[in-house]
Amino acid sequence: MRCLPTIVALLLLAPCVAAAAGAFDGKYVGRITNVKQARTCGSQDSWGGTFVVAADKFNSNVGGGKMPLSGDVRPDGSFETTSPLGGGAHLHFIGKIEGNALHATATSSLCEWTFDMRKSAN
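Everything numeric here is computed off the predicted structure, so don't read it as measured data.

Calculation rules
- Residues numbered from 1 in each chain as written.
- Predicted model: local features only at pLDDT ≥ 70, side-chain atom pairs only at ≥ 80, totals over all residues.
- Heavy atoms only, no water.
- Helix = DSSP H or I, 4+ residues; strand = E, 2+ residues; numbered from the N terminus.
- Buried < 20%, exposed > 50% of the residue type's maximum accessible area, 1.4 Å probe, protein only.
- Contact = heavy atoms within 4.5 Å.
- Areas by Shrake-Rupley, 256 points an atom, 1.4 Å probe, with all protein chains shown as cover.
- Pairing = 2+ DSSP bridges.
- pLDDT = per-residue confidence, 0-100.
- Phe/Tyr/Trp six-rings, centres within 6.5 Å; stacked < 30°, edge-to-face > 60°.

## Some points on the overall build of the protein
At step 1: The number of helices and strands found in the protein is 1 helix and 8 strands.
At step 2: Looking at the protein as a whole, 29% of its 122 residues qualify as buried.
At step 3: Within the protein, contacts between residues at least 6 apart in sequence are counted, and of these 40% link residues at least 24 apart.
At step 4: When the accessible surface of the protein is totalled, it reaches about 7600 Å², and 59% of it is carbon and sulfur.

## A short note on the pairing of strand β2 (residues 46–54)
At step 1: Side chains of β2 alternate between two faces, with Trp 47, Gly 49, Phe 51 and Val 53 buried and Ser 46, Gly 48, Thr 50, Val 52 and Ala 54 left unburied.
At step 2: Bridging between strand β1 (residues 26–34) and β2 involves 8 bridges; their strand directions are antiparallel. Each residue of the ladder has a partner; that of Tyr 28, found in β2, is Phe 51.

## A few points about the confidence of the model for the protein
At step 1: Residues at a pLDDT of 70 or more form 74% of the protein, whose mean pLDDT is 79.
At step 2: The weakest mean pLDDT in the protein belongs to helix α1 (residues 4–18) at 44; the strongest belongs to strand β7 (residues 101–107) at 93.
At step 3: This stretch, residues 3–18, has a pLDDT under 50; its non-local contacts, to residues over four places away or in other chains, come to 0 contacts.

## Points about the packing of aromatic side chains
At step 1: This model, assessed by the stated rule, comprises 8 aromatic pairs.
At step 2: Residues Tyr 28 and Phe 51 carry aromatic rings whose centres are separated by 6.5 Å and whose planes lie at 80° to one another, so their mutual orientation is edge-to-face. Remark: Phe 51 occurs in strand β2 and Tyr 28 occurs in strand β1; sequence separation between them is 23 residues. With respect to class, Tyr 28 is no different from Phe 51; both count as buried.
At step 3: For the pair Phe 51 and Phe 93, a centre-to-centre distance of 5.9 Å together with 40° between the ring planes defines the contact as tilted. Linking Phe 51 in strand β2 with Phe 93 in strand β6 (residues 89–98), this pair joins segments that are 42 residues apart in sequence.
At step 4: Following the ring pairs from residue to residue traces out a cluster consisting of Tyr 28, Phe 51, Phe 58, Phe 79, Phe 93 and Phe 115.

Listed below in structure tokens is the structure:
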């Protein structure tokens, strides 16, 4: 029973630890621009997109589920990941968050896109 106060204290602190926000957390919205214009890269020059960071982990779903991107945001705001596209192809994604701005580039063997986004108020 001597451990009971310690266990109760740890249980009370657990929600605070789990809810700890990362330095770059938020929803970033803006433009994704098709740079190379290859036919296989999409028919639009640019479109709106979102990029979500929670607990300094990012998720973005470009191409309607065809290019899921996820990874960690480093303490300096930079991030980098590689995601399989299918058929042996890969998408390399690299960028950085500075202040409220997110800039990134996604490249594959045929395509290249740039991400220019700002942190949303909500």
